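Letter by letter, the chains look like this.
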Amino acid sequence: MPTTPPAQPAPQVVVAPTPTPTPTPTPAPPAAPAPAAGPVMLVASSSRFIALVGLVVMVGLYLSFGCLIVISVASGHDFPAWGDKAGTYMLTGLTLFAPYGVNKLSSIGK
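Please read all numbers here as calculations on a predicted model, not as lab measurements.

Engineer: Explain the environment of G66 to me, please; I cannot follow it from the model alone.
Structural biologist: By secondary structure assignment, the location of G66 is in helix 1 (residues 46-74). Residue classification places G66 among the partly exposed residues on the basis of a relative accessible area of 28%. Expressed as a C-alpha distance, the spacing of G66 and M90, which sit 24 residues apart in the sequence, is 9.7 Å.

Here it is, written out as structure tokens:
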């Protein structure tokens with residue numbers, strides 16, 4: 001009787017994983033310029049300081065007129081005769097803030 005050779009196991013196919021491409025590194029952003037030599041001196045604006053002083057004076061006047069009118073009315077007296085003049089002064093003081101309001105209104109449309 002003829003002998004048959006032993007059966008060979010089927011060869012296994014091993015598939016190597018596909019190499020993933022390595023991402024190319026992005027270049028670093030440019031470095032910030034070197035600071036100027038020596039300390040940086042900040043110079044204050046004199047016009048802003050003058051505006052600040054004016055604002056403090058006007059707020060002081062507004063508060064004093066308002067307090068005097070409230071005290072006068074709360075103590076049982078009639079509205080002071082000079083109250084109308086103070087009200088006119090306060091109303092004209094609002095014109096200082098008109099440019100800021102117009103600037104805000106103009107920025108709405110942008």
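Engineer: Hey, could you run me through the layout of surface pockets in this one?
Structural biologist: The computed volume of the largest pocket comes to approximately 210 Å³. Residue lining of the largest pocket: A51, L52, G54, L55, M58, V59, Y62, L96, F97 and Y100, and that is the complete set. Top element by residues in the lining of the largest pocket is helix 1. It accounts for 7 residues. Class assignment for the residues of the lining of the largest pocket results in 9 nonpolar, 1 polar and no charged.

Engineer: What should I look at first to understand the packing of helix 1 against helix 2 (residues 83-93) in this one?
Structural biologist: Any two packed helices are characterised by how steeply their axes cross, that is the angle between the axes, and by the distance between the axes. The interhelical angle for the contact between helix 1 and helix 2, taken along N-to-C directions, is 150 degrees, at an axis separation of 11 Å. The orientation of helix 1 with respect to helix 2, classified from their angle, is roughly antiparallel. Handedness of the helix 1/helix 2 crossing: left-handed. Facing M58, L61, Y62, F65, G66 and I69 of helix 1, the residues of helix 2 in contact are G83, A86, Y89, M90 and G93. Split into classes, the residues belonging to the contact of helix 1 with helix 2 amount to 8 nonpolar, 3 polar and no charged.

What counts, and where the lines are drawn
Residues numbered from 1 in each chain as written. Predicted model: local features only at pLDDT ≥ 70, side-chain atom pairs only at ≥ 80, totals over all residues. Heavy atoms only, no water. Helix = DSSP H or I, 4+ residues; strand = E, 2+ residues; numbered from the N terminus. Buried < 20%, exposed > 50% of the residue type's maximum accessible area, 1.4 Å probe, protein only. 1 Å grid on protein atoms, 1.4 Å probe; cavity = no way out; pocket = protein on both sides within 12 Å on 5 of 7 lines; lining within 4 Å. Points joined across faces, edges and corners; volume = space filled by probe spheres on them. Nonpolar A, V, L, I, M, F, W, Y, C, P; charged D, E, K, R; others polar. Axes fitted to C-alpha atoms, helices over the stretch in contact; angles between N-to-C directions. Parallel < 35°, antiparallel > 145°, perpendicular 65-115°, else oblique. Left-handed = near helix turned anticlockwise from the far one by under 90°. Contact = heavy atoms within 4.5 Å.

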